[in-house]
There are 2 protein chains.
Amino acid sequence: MSERRPREIPEATVARLAVYLRVLTGLVDASTVTVSSEELAAIAGVNSAKLRKDLSYLGSIGTRGVGYDVTVLRERIASSLGLSERRTCVLVGIGNLGHALAGYAGFSSRGFTFVGYFDADPGRVGLPIADGTISDISALESVVEENGVSIGVIATPADAAQTVCDRLVDAGVTSILNFAPSVLSVPDNVDVRKVDLAAELQILSFHEHRKSRGPDGGLVESVG
Amino acid sequence: MSERRPREIPEATVARLAVYLRVLTGLVDASTVTVSSEELAAIAGVNSAKLRKDLSYLGSIGTRGVGYDVTVLRERIASSLGLSERRTCVLVGIGNLGHALAGYAGFSSRGFTFVGYFDADPGRVGLPIADGTISDISALESVVEENGVSIGVIATPADAAQTVCDRLVDAGVTSILNFAPSVLSVPDNVDVRKVDLAAELQILSFHEHRKSRGPDGGLVESVG
DNA sequence: AGCTGTGAAAAGATTCACAGCG
DNA sequence: CGCTGTGAATCTTTTCACAGCT
């Protein structure tokens, strides 16, 4: 009766659930049966109170005095993330990065099926890639529609990204993972996540910059 | 006089500064002289109050009633991010993703110089990559030390990541960008940023899952 | 008048600390 | 007794709204 009303799961929690899921898969492979929040948190690199709060959004899964059943917990997280049903994806833009993404085993092993690889360059169309062949971008809409694709991955140059995004959205895609260094505009019902490689380095650069000065802003003498 | 005491710049702000920087570079290229917080925010995909607050951490840069000088602002952000000095990096793990990262023009064009590409596979050592050659991982420490490398990029399989990380840190690297799906432990003085490709798709999967049910949890009828 | 810069309020995320179940 | 699950406290981030400079 006290079926826990799953209040809205916070965005920050969702991001961590994916990490816990990976860690738990490792534990399952190592035949671990039970894990405490303390142990799991240590492996996942978070603090245990945070982990417990994160898991509490999924309902009461653990056993007090004992911990969490690894298999049960993993299953529960996977289902919360919607990974029980396989999702179909397309990848657009098959340059260096596109090739790397297509070859990334982590995707298919984790419930994502790529049903199309597209590029605008005629010189690339027809070349083999991963488990398929590069298609001309003109086929994008039909493939998306025929396969009920819900996730589109964009790895084109920045100047093509918005156009590709618009076409994906028009064809029915409602989630986009964008590797192009550009800000995409989409309707409200579409989710976009961005991976900005250069920005990541710049953020690290900021911290390097920080470290080379004292907390008070003064220069710190080099250790070397 | 009222030289603005630059209170600690929040982490969330730092991440956005990198985005503003890219947008501003685009505006410079388009010969735009001045931009208002409203305009800049629209292009960067954030709200204008947030943008103004972000910029306020860098000091008072804009002109009331007018806006920001594009060149001045860009320069100011670049210097805050520590991009005035060029940073040297090494890349470890030259699989598909490593190749893509090495070939990513965005890095060198934005102030990052890669001084070494390493892999443990003898079959890869000596092959050309980007502007150099793949080196054996055994040379890692000497290259890091000789070049004062501050940023290490890890694109190895998960099971090698921690070992590589330890070696980088021991050799003096204080910032790590990790593409391997694993949690790294590092000393306090070392910063780690993680890019987890599968996790990104899983987060989108969660939102897809969400969308297929109503806000109240009920199933929503398919639109097709 | 227009637009920045910023206190103050609101929302969101993390951490604490402990009640309560097994 | 040990460990989960969670209110309450704290800290961070976002948003509001307007004083004040140009």
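Residues numbered from 1 in each chain as written. Chains lettered and ligands numbered in written order. Predicted model: local features only at pLDDT ≥ 70, side-chain atom pairs only at ≥ 80, totals over all residues. Heavy atoms only, no water.

Some points on the packing of aromatic side chains
All names here are of chain B.
Then, number 1: All told, the structure shown has six aromatic pairs over all chains when counted by the stated rule.
Then, number 2: Aromatic side chains Tyr 104 and Phe 107 sit 4.9 Å apart centroid to centroid with 90° between the ring planes, which places their arrangement in the edge-to-face category.
Then, number 3: Judged by relative accessible area, which is 2%, Phe 107 ranks as buried.
Then, number 4: With a centroid separation of 6.1 Å and 10° between ring planes, the pair formed by Phe 114 and Tyr 117 is classed as stacked.
Then, number 5: The class for Tyr 117 is buried, based on a relative accessible area of 6%. (Phe/Tyr/Trp six-rings, centres within 6.5 Å; stacked < 30°, edge-to-face > 60°. Buried < 20%, exposed > 50% of the residue type's maximum accessible area, 1.4 Å probe, protein only.)

Quick look at the protein's contact with DNA strand C
Then, number 1: Around DNA strand C, the surrounding shell holds 26 residues, and the nearest of these are Arg 16 of chain A together with Ser 37, Arg 52, Gly 62 and Tyr 68 of chain B.
Then, number 2: In DNA strand C, the atoms that sit within 4 Å of the protein are 59% sugar and phosphate, with bases accounting for the remainder.
Then, number 3: Contact distances for DNA strand C include 2.7 Å between a phosphate oxygen and a side-chain N or O atom of Arg 16 of chain A.
Then, number 4: Interatomic distance of 2.9 Å between a backbone N/O atom of Ile 61 of chain B and a phosphate oxygen of DNA strand C. (Near = heavy atom within 4 Å. Polar contact = N/O pair within 3.5 Å; in protein donor to acceptor, adjacent residues only side chain to side chain.)

Considering the protein's contact with DNA strand D
Then, number 1: Around DNA strand D, the structure places 25 residues, and the nearest of them are Ser 37, Arg 52, Ser 60 and Tyr 68 of chain A together with Arg 16 of chain B.
Then, number 2: In the interface set of DNA strand D, defined as its atoms within 4 Å of the protein, sugar plus phosphate atoms amount to 61%.
Then, number 3: For DNA strand D, a sugar or linking oxygen lies 2.9 Å from a polar atom in the backbone of Gly 65 of chain A.
Then, number 4: Within the side chain of Tyr 68 of chain A, an N or O atom sits 2.9 Å from a phosphate oxygen of DNA strand D.
Then, number 5: Of the residues in the surface near DNA strand D, the class split is six nonpolar, nine polar and ten charged. (Nonpolar A, V, L, I, M, F, W, Y, C, P; charged D, E, K, R; others polar.)

Overview of the sheet that holds strand 5 (residues 128-129) of chain B
Pairing between the strands of a sheet is mediated by backbone hydrogen bonds and can be parallel or antiparallel.
Then, number 1: A sheet is described by the order of its strands in space; here seven strands give the open sequence 5-6-4-3-7-8-9 (chain B), paired in mixed fashion. Both outer strands of the open sheet, strand 5 and strand 9 (191-194) of chain B, are each paired with one neighbouring strand and no more.
Then, number 2: The pairing of strand 3 (residues 87-92) of chain B with strand 7 (residues 151-154) of chain B spans four bridges and is classified as parallel. Bridged to Leu 91 of chain B within strand 7 of chain B is Val 153 of chain B.
Then, number 3: Against the sheet, helix 9 (residues 197-211) of chain A makes contact with strand 3, strand 4 (112-119), strand 7, strand 8 (175-178) and strand 9 of chain B, and its axis sits at roughly 165° relative to strand 8 of chain B, the strand it touches most. (Pairing = 2+ DSSP bridges. Helix = DSSP H or I, 4+ residues; strand = E, 2+ residues; numbered from the N terminus. Contact = heavy atoms within 4.5 Å. Axes fitted to C-alpha atoms, helices over the stretch in contact; angles between N-to-C directions.)

Quick look at the relation of the copies chain B and chain A
Then, number 1: Note on the copies: chain B fits chain A at an RMSD of 0.0 Å, the axial shift is 0.0 Å, and the rotation between them is 180°. Such a combination of rotation and displacement between the chain copies is what one expects of a two-fold axis.
Then, number 2: Looking at the interface residues of chain B, 100% of them are also at the interface in chain A, so both copies use one shared face. (Least-squares fit on C-alpha atoms with pLDDT ≥ 70 in both.)

Structural notes on the side chain of Ser 37 of chain A
Residues and elements named next belong to chain A.
Then, number 1: The residue Ser 37 is located in helix 2 (residues 37-44) in this model.
Then, number 2: The exposure class of Ser 37 is buried, given its relative accessible area of 10%.
Then, number 3: Excluding residues within four positions of it along the chain, Ser 37 makes contact with Ser 48, Leu 51, Arg 52 and Tyr 68.

With respect to the environment of Val 23 of chain A
Residues and elements named next belong to chain A.
Then, number 1: By the secondary structure assignment, Val 23 is in helix 1 (residues 11-29).
Then, number 2: Expressed as a C-alpha distance, the spacing of Val 23 and Glu 145, which sit 122 residues apart in the sequence, is 35 Å.
Then, number 3: Not counting chain neighbours up to four residues away, the residues in contact with Val 23 comprise Leu 40, Ile 43 and Ala 44.

Some details on helix 3 (residues 48-56) of chain A
Because an α-helix completes one turn every 3.6 residues, residues spaced three or four positions apart along the sequence face the same direction.
Residues and elements named next belong to chain A.
Then, number 1: Among all positions of helix 3, only Ser 48, Leu 51, Asp 54 and Leu 55 are buried. Each buried residue of helix 3 sits inside an arc of 120° when the element is viewed along its axis, so together they form one side.
Then, number 2: For helix 3, the secondary structure elements touched by its buried residues are helix 1, helix 2, strand 2 (68-69) and helix 4 (70-80).
Then, number 3: Its side-chain oxygen at 2.8 Å from the backbone nitrogen of Ala 49, Asn 47 defines the N-terminal cap of helix 3. (Arc of directions from axis to C-beta.)

What to know about the side chain of Asp 119 of chain A
Then, number 1: Within the secondary structure, Asp 119 of chain A is located in strand 4 (residues 112-119).
Then, number 2: Only 2.8 Å separates the side chain of Asp 119 of chain A from the backbone nitrogen of Asp 121 of chain A, close enough to count as a polar contact.

As for the sheet that holds strand 3 (residues 87-92) of chain A
Residues and elements named next belong to chain A.
Then, number 1: Ordered by their spatial adjacency, seven strands build an open sheet running 5-6-4-3-7-8-9, and the pairing between neighbours is mixed. Both outer strands of the open sheet, strand 5 (128-129) and strand 9 (191-194), are each paired with one neighbouring strand and no more.
Then, number 2: Helix 8 (residues 158-171) contacts strand 3, strand 7 (151-154) and strand 8 (175-178) of the sheet and is inclined by roughly 170° relative to strand 7.

Quick look at the pattern of salt bridges
Then, number 1: According to the stated counting rule, one finds 20 salt bridges over all chains in the structure shown.
Then, number 2: One salt bridge in this structure joins Glu 141 of chain A and Arg 167 of chain A, with 2.8 Å as the shortest N-O distance. Highlighted residues: Glu 141 of chain A in helix 7 (residues 140-147) and Arg 167 of chain A in helix 8, separated in sequence by 26 residues.
Then, number 3: Given a relative accessible area of 26%, Arg 167 of chain A falls into the partly exposed group.
Then, number 4: The residue Arg 16 of chain B makes a salt bridge to Asp 54 of chain B at a minimum N-O spacing of 2.7 Å. Taken together, the residues span a long stretch of sequence, with Arg 16 of chain B in helix 1 (residues 11-29) and Asp 54 of chain B in helix 3 (residues 48-56) at a distance of 38 residues. Here the two residues Arg 16 of chain B and Asp 54 of chain B agree in accessibility, since each one is buried.
Then, number 5: Each member of the salt-bridge network shares a partner with another, and the members are Glu 11 and Arg 193 of chain A together with Glu 200 of chain B. (Salt bridge = Lys/Arg side-chain N within 4 Å of Asp/Glu carboxyl O.)

Comments concerning the domain arrangement of chain A
Then, number 1: Domain annotation of chain A identifies domain 1 (11-80) and domain 2 (87-199).
Then, number 2: Averaged C-alpha coordinates put domain 1 of chain A and domain 2 of chain A at centres separated by 31 Å. (Domains from an automatic or database assignment.)

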